Structures are given as structure tokens and as C-alpha cells.
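# Summary of structural features
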Amino acid sequence: MRQPINFDVIRELIRVSKIMEAQGLVNTYEGNLSVLEDGLLYITPTNTRKNTLTEELIAVLDENDNQIFGQKKPSSEIIMHKAAYGLRPDVRAVIHCHSPYLTAHAICHVPIDQKCHPEMMMRFRDIPVAPYGRPGTREIIDRAAPYLKERNLVLLGNHGVLAVGSTLELTLQRVEAAEKFAGILAIARGLGKTVDVPPDDVEYLRKMDVEV
């Protein structure tokens, strides 16, 4: 018997996709989101404006990679999504996007490892850059895998950002927080040299980590 489709998952994918498009984090050609639920992979379709998504456009694939639902093909980055779920048992949602500030860091291969912003240090140990991998291939996720095993968000060299989480909402929050900090950092660097918090507080804040 075929696994039943969970339309609550489909609606959540649509909700988060529209939020991300409204914030300029995704567009027709860039960005894809997925959820793994009861052995089925729910993923946004290729070449589709995110704020026009409807239930019938979300692609659903079974454990044998058969598309069992959806009027359009899944994102071309499905290889990356599928492999990301195999890295950690707690991962149930994946977001890949080309948000402006984080992608700028990825293009320049500049990791975010700052000690000037307490909230950043409490949410992320750092945001590393994985080596370049060819889009649409296993190479991207293979090169990001060592970082994702210990972190929830990694920059993809010359490409964009990949975030994972136990829920799609939590994964979205991670992208939003990291993108905002990267934007603040860009503004701060335009004003001058950033100033680190006192060394004792660096250690204190790192011990308060609630995210990685």
C-alpha cells in the first residue's frame, strides 16, 4: 500500500517558502526547501516562484525515489537534500538558499567567526565555508558533510547556504538569524573595525550555546 501524503507537511513547505520569498531569501531560480516525514521526501519544485506555490506543485518522493505526488519535477538540488538527511538522525528539514549576505560570504570564501556580537555567539559556534562543489551533484554535500555533522548551518563555497533542523520552522529561523547577522557585519565593517567583547565573556557566551 502506498504511503499516504501528509498535506500538513505540504502546507508548511508552502508557508515557509512564501515567507522566504517575501524576505528576498529565495526566488524562482534559487532556493529549495524539503521535509522528510514517514519515509517520504517533500520538496519544492524546480523553476517555480515560491509565492505562487500550491499544494499540487510540491513534489513528493518515496523511499525508492519514485515521485508519487506533484505536477512538477523536484528541485535539481534533490541530491543534496537527500544526502543531508543521511548525515544525522535529528535532521528532518533542509533549506538551501542564496540569501544575499550569506551568499556574499560564500562567494568570497569568508567564514563568519566573530566575537563582537553576543547573540551570534550564543546561536552559532561559527559559520564555516565548505569547499566549492559542482551544483546539482553529490560533490556539494560531500564537501559540506564534515561541517554539518557538528553544525546546523554551513556556507557552500561559491554557491549559497545550507541549513538543517528538526523542523522547517526552526531551520528557517536559523537562516533568518544568520542572514541578519551577516548583514549587520557588512554594515559594521563599513563603519570601521569591529570590537570584540571582553575575552572572559567570549568563553562565557560560548558555553551558553543553544545552537551550532
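Structure first, text after, so check above.
Residues numbered from 1 in each chain as written. Predicted model: local features only at pLDDT ≥ 70, side-chain atom pairs only at ≥ 80, totals over all residues. Heavy atoms only, no water.

### Thoughts on the pattern of salt bridges
In plain terms, the rule: Salt bridge criterion: a side-chain nitrogen from Lys or Arg within 4 Å of a carboxyl oxygen from Asp or Glu. Here a strand is any run of E in DSSP of at least two residues, a helix any run of H or I of at least four, and the numbering for each starts at the N terminus. Only protein chains enter the accessibility calculation, which uses a 1.4 Å probe; a residue is then buried when its area is under 20% of its type maximum, exposed when over 50%, and partly exposed in between.
One pass over the full model with this rule turns up 11 salt bridges. For R15, the salt bridge goes to E169, with nearest N and O atoms at 2.7 Å. Taken together, the positions of R15 in helix α1 (residues 7–22) and E169 in helix α6 (residues 168–191) put the pair 154 residues apart, joining distant regions of the chain. You can call R15 partly exposed: its relative accessible area is 35%.

### Some points on the packing of helix α3 (residues 100–108) against α6
Basically, it comes down to this: The axes are straight lines fitted to the C-alpha atoms, using for helices just the contacting stretch, and the angles between their N-to-C directions are given from 0 to 180°. Should an angle fall under 35 degrees it is taken as roughly parallel, and over 145 as roughly antiparallel, whereas 65 to 115 is taken as roughly perpendicular and any remaining angle as oblique. Whether two residues are in contact is decided by their heavy atoms, any of which lying within 4.5 Å being enough.
Axis separation between α3 and α6 bottoms out at 7 Å; the angle between their running directions is 70°. In terms of their interaxial angle, α3 and α6 are classed as roughly perpendicular. Side by side, α3 and α6 meet where P100, Y101, L102 and H105 of the first sit next to V175, A178, E179, A182, G183, L185, A186 and R189 of the second.

### Structural notes on the environment of H81
Selection rule: The term polar contact refers here to a pair of N or O atoms within 3.5 Å; inside protein, the definition further demands a hydrogen-donor-capable atom paired with an acceptor-capable atom, and it admits residues adjacent in sequence only when both atoms are side-chain atoms.
Positionally, H81 belongs in helix α2 (residues 78–85). With a relative accessible area of 0%, H81 lands in the buried category. Those residues in contact with H81 that lie beyond four places of it in its chain are N32, L33, S34, I43, V94 and H96. Of the polar contacts made by the side chain of H81, one reaches the side chain of N32; its length is 2.7 Å.

### A word on the sheet that holds strand β1 (residues 32–37)
Convention followed: Pairing between strands is defined by DSSP: at least two bridges between the two strands are required.
If you walk across this open sheet you meet the 8 strands as β4-β3-β2-β1-β5-β8-β7-β6, and the pairing is mixed. At either margin of the open sheet sits one strand with a lone partner, and together these are β4 (67–69) and β6 (129–130). Bridge count between β1 and strand β5 (residues 93–97): 4 bridges; the pairing is antiparallel. In the sheet register, V35 faces β5, and the bridge partner there is A93.

### Re the packing of aromatic side chains
To keep it simple, the criterion reads: Between the rings of Phe, Tyr and Trp (Trp by its six-membered ring), a pair exists once the centres lie within 6.5 Å; its type follows the angle of the planes, with under 30 degrees stacked, over 60 edge-to-face, and the other angles tilted.
On inspection of all chains with the given rule, the structure shows 1 aromatic pair. With a centroid separation of 5.5 Å and 90° between ring planes, the pair formed by F7 and F69 is classed as edge-to-face. Pair noted here: F7 is in helix α1 and F69 is in strand β4, with a separation of 62 residues, a long-range link.

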